[in-house]
Amino acid sequence: MSRGLFESARSCLDLADPAEKCSAVTTFGRDFESGLCFPDEDYPLEPIGSPGRPPKPVLVDPACVPRRRLGSQAGRSALVHAVAHIEFNAINLALDAVYRFRGMPLEYYGDWISVAVDEARHFGLLEDRLSQMGHAYGDFTAHNGLWDAAVKTADACLVRMALVPRVLEARGLDVTPGMIERLRAAGDHDTVAALEVILDEEVRHVAIGTKWFRHCCRQQGRDPLPTFLELLRERSDSLPRGPFNLEARYRAGFSREEMDALTAGL
């Protein structure tokens with residue numbers, strides 16, 4: 001049975017239970033790949049609000065999230081929980097990119113559905129690892145910074161593509177290798193294995209953001225480099241800071257001119 005593309009995305013977005021959301025996203029991905037989802041352009045587009053999420057973790061100001069010291073089991077558990085929370089939010093971000101921005105090529109929707117499927121799998125990897133460590137998702141506090149960025153960029157696809165995958169998610173490309181090294185030194189090879197899978201696949205996710213940012217620039221007759229730098233200065237809460245994982249960022253589509261500007265502090 002065929003289903004509406006935007007209705008399906010919204011249905012997944014609204015689910016609060018993580019297991020139900022991940023299962024629904026996986027089904028959504030299979031249905032899209034099988035040609036069972038059609039763009040239902042007349043499906044209502046609601047202003048962005050809060051996505052479906054469980055009552056825990058309790059969301060606090062980012063400054064109130066405890067620092068994670070990886071030399072202890074408790075610190076490593078808190079780190080895995082923090083990354084799991086990022087991945088759960090990333091599911092919602094990918095679904096909102098499908099639901100919110102209408103009139104894009106079908107390939108755009110396929111790309112972001114595939115990202116949602118990957119993020120759901122990443123969340124499952126980290127949830128399993130948390131269970132092995134004696135914890136569950138919701139056991140630690142978390143912050144809402146990633147979804148706050150979605151709210152701030154809900155007005156335009158070009159802005160969302162520039163400032164979420166190419167700024168916030170790209171930051172993960174920079175910091176994850178260092179986390180992996182510290183975890184490896186602590187002997188936590190199971191967490192290392194999960195993060196290595198996530199890091200490799202997140203390069204593609206950032207590349208998808210780059211691809212559609214440049215598509216939107218072409219549509220509007222804008223030059224991607226000054227447009228990206230202008231949005232960073234005017235719309236980003238904080239500018240990207242090095243050190244940068246240049247190899248991963250180049251694989252994700254960043255140009256040398258962009259990285260030169262970021263390295264120089266714009």
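Here is what the cut-offs are and how they apply
Residues numbered from 1 in each chain as written. Predicted model: local features only at pLDDT ≥ 70, side-chain atom pairs only at ≥ 80, totals over all residues. Heavy atoms only, no water. Helix = DSSP H or I, 4+ residues; strand = E, 2+ residues; numbered from the N terminus. Rg over C-alpha atoms; globule rule 2.2 N^0.38 Å. Buried < 20%, exposed > 50% of the residue type's maximum accessible area, 1.4 Å probe, protein only. Contact = heavy atoms within 4.5 Å. Areas by Shrake-Rupley, 256 points an atom, 1.4 Å probe, with all protein chains shown as cover. Lys, Arg positive; Asp, Glu negative; His and termini not counted. Charge placed at Lys NZ, Arg CZ, Asp CG, Glu CD. Core = buried A, V, L, I, M, F, W, Y, C linked by side-chain atoms within 4.5 Å. Polar contact = N/O pair within 3.5 Å; in protein donor to acceptor, adjacent residues only side chain to side chain. Expected span 1.5 Å × (residues − 1). Phe/Tyr/Trp six-rings, centres within 6.5 Å; stacked < 30°, edge-to-face > 60°. Lys NZ or Arg CZ within 6 Å of the ring centre and 35° of its normal. Axes fitted to C-alpha atoms, helices over the stretch in contact; angles between N-to-C directions. Parallel < 35°, antiparallel > 145°, perpendicular 65-115°, else oblique. Left-handed = near helix turned anticlockwise from the far one by under 90°. Nonpolar A, V, L, I, M, F, W, Y, C, P; charged D, E, K, R; others polar.

Draft legend 1. Expanded view of the overall build of the protein. Scanning the protein from N- to C-terminus turns up ten helices and two strands. Its helices and strands in sequence order give the protein the pattern β-α-α-β-α-α-α-α-α-α-α-α, from N to C terminus. Whereas a compact globule of 266 residues would reach a radius of gyration of roughly 18 Å, the protein reaches 18 Å, a difference of no more than 12%. C-alpha extents for the protein along the principal axes are approximately 50 × 50 × 30 Å. Buried residues in the protein amount to 50% of all 266 residues. Sequence-distant contacts, at least 24 apart, represent 81% of the contacts inside the protein between residues at least 6 apart. A total accessible area of about 12,300 Å² is found for the protein, and carbon and sulfur atoms account for 53% of it. Of the charged side chains in the protein, 31 are positive and 39 negative; the average position of the first set lies 5 Å away from that of the second.

Draft legend 2. Geometry of the nonpolar core. Counting residues in each nonpolar core, the largest one holds 77 residues, and the members touching the most others are Leu-5, Phe-28, Tyr-108 and Trp-112. Per-element accounting of this core gives the leading share, 13 residues, to helix 6 (residues 157-185). Residues contacting Tyr-108, with those up to four places away along its chain left out, are Ala-97, Phe-101, Cys-157, Met-161 and Trp-212.

Draft legend 3. Fine view of the side chain of Asp-111. Along the chain, the position of Asp-111 falls in helix 4 (residues 106-132). Here the side chain of Asp-111 touches Lys-211 through a polar contact of 2.9 Å, side chain to side chain. The contacts of Asp-111, once residues within four sequence positions are left out, are Ile-208, Lys-211 and Trp-212.

Draft legend 4. Summary view of helix 8 (residues 224-235). Its twelve residues place the ends of helix 8 15 Å apart at the C-alpha level, agreeing with the 16 Å of an ideal helix rising 1.5 Å per residue. Within helix 8 the residues assigned to the buried category are Thr-227, Phe-228, Leu-229, Leu-231 and Leu-232. Where helix 8 is buried, its residues touch helix 6, helix 7 (189-220) and helix 10 (256-263).

Draft legend 5. Local environment of unusual backbone geometry. In the segment running from Lys-56 into Pro-57, the intervening peptide bond is cis, with an omega of 15°. Structurally, the position occupied by Pro-57 is in the loop between strand 2 (37-38) and helix 3 (73-100). Geometrically, the link from Gly-242 to Pro-243 is a cis peptide bond, its omega value of 5° lying close to zero. The residue Pro-243 is located in the loop between helix 8 and helix 9 (246-251) in this model.

Draft legend 6. Up close: the packing of aromatic side chains. Using the criterion set out here, one finds nine aromatic pairs in the structure. Between Tyr-43 and Tyr-99 the ring centres are 6.5 Å apart and the planes differ by 75°, which places this aromatic pair in the edge-to-face class. Of this pair, Tyr-43 sits in the loop between strand 2 and helix 3 while Tyr-99 sits in helix 3, and the two are 56 residues apart along the sequence. On the basis of relative accessible area, Tyr-43 is assigned to the partly exposed category, the value being 25%. Summarising the aromatic geometry, the rings of Phe-88 and Tyr-137 are spaced 5.7 Å apart at their centres and angled 45° between planes, so their arrangement reads as tilted. Residue Phe-88 is located in helix 3, and its partner Tyr-137 is located in the loop between helix 4 and helix 5 (145-152); the two are separated by 49 residues in the primary sequence. Exposure class is identical for Phe-88 and Tyr-137. Each is buried. Members of the aromatic cluster, joined through ring pairs, are Phe-6, Tyr-108, Tyr-109 and Trp-212. Here Arg-102 stacks its cationic end above the ring of Tyr-99, 5.1 Å away from the centre of that ring.

Draft legend 7. Region of the structure containing the packing of helix 3 against helix 5. Where helix 3 meets helix 5, the closest approach of the two axes is 9 Å, and the angle between their N-to-C directions is 15°. Relative to helix 5, the element helix 3 lies roughly parallel. As for how helix 3 packs across helix 5, the hand of that crossing is right-handed. Here Ile-86, Asn-89, Ala-90, Asn-92, Leu-93 and Asp-96 of helix 3 lie close against helix 5, whose contacting residues are Leu-146, Trp-147 and Ala-150. Partitioned by chemical class, the residues of the contact of helix 3 with helix 5 number six nonpolar, two polar and one charged.

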